[in-house]
Amino acid sequence: MQQMYTQYQAGVFVSRTSGAFFTAPMWVLWLMPFLQCVNLIFFYAVATTHFWYNYTLLIPCFYVGLLGGAVYVNGFTRINLDLPVEIREFALSSASVADTFGIVFADSVSLFIQSCLYQANSIDGAAVQCPVGGKN
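Being a predicted model, the structure only gives us computed values, none of them experimental. (Residues numbered from 1 in each chain as written. Predicted model: local features only at pLDDT ≥ 70, side-chain atom pairs only at ≥ 80, totals over all residues. Heavy atoms only, no water.)

A. Fine view of the environment of Ile59. You can see Ile59 is positioned in helix α3 (residues 58–82). For the pair Ile59 and Tyr8, spaced 51 residues apart in the sequence, the C-alpha separation amounts to 9.1 Å. (Helix = DSSP H or I, 4+ residues; strand = E, 2+ residues; numbered from the N terminus.)

B. Quick look at the pattern of salt bridges. Overall, the coordinates contain 1 salt bridge when judged by the stated rule. A salt bridge links Arg78 to Asp82, with the nearest nitrogen and oxygen atoms 2.9 Å apart. You can see Arg78 and its partner Asp82 sitting in helix α3, 4 residues apart, about one turn around the helix. Overall, Asp82 belongs to the partly exposed group, its relative accessible area being 40%. (Salt bridge = Lys/Arg side-chain N within 4 Å of Asp/Glu carboxyl O. Buried < 20%, exposed > 50% of the residue type's maximum accessible area, 1.4 Å probe, protein only.)

C. Broad picture of the packing of helix α2 (residues 26–49) against helix α4 (residues 85–120). Relative to each other, α2 and α4 sit at 30°, their axes nearing to 9 Å. Classified by the angle between their axes, α2 and α4 sit roughly parallel to one another. Each of Leu40, Tyr44, Ala47 and Thr48 in α2 lies in contact with α4, whose residues at this interface are Ile113, Cys116, Leu117 and Ala120. Per-class residue counts for the contact of α2 with α4 are 7 nonpolar, 1 polar and no charged. (Axes fitted to C-alpha atoms, helices over the stretch in contact; angles between N-to-C directions. Parallel < 35°, antiparallel > 145°, perpendicular 65-115°, else oblique. Contact = heavy atoms within 4.5 Å. Nonpolar A, V, L, I, M, F, W, Y, C, P; charged D, E, K, R; others polar.)

Laid out in structure tokens, this is it:
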């Protein structure tokens with residue numbers, strides 16, 4: 001578990017650092033959140049079916065960190081580069097607040113996803129009940 005977190009953080013570090021050298025075009029910036037949803041589906045499938053369960057799973061963990069860091073740094077970079085100076089500070093502040101709300105929403109949803117994973121793997125102790133399927 002610790003190795004997966006370390007790989008994820010390494011990916012975030014690399015992608016956020018690369019923001020000084022590379023700015024993604026808008027179409028790529030719009031594609032990245034879709035790819036994050038694909039990652040969610042992939043890791044949910046891995047956690048429920050256990051079809052991939054060895055150290056090579058660290059590679060997708062690094063990729064997830066790359067993608068997450070890239071969305072963050074390129075979103076703020078695009079705001080800084082593309083918007084007029086008169087509204088830039090407001091736009092950056094708004095994006096920061098939206099980022100925080102997104103994190104809170106994702107954390108709330110993750111409680112239910114975790115409970116469904118607990119249910120699928122016959123683990124007790126979920127904080128909430130899985131909204132799909134049988135009893136937790």
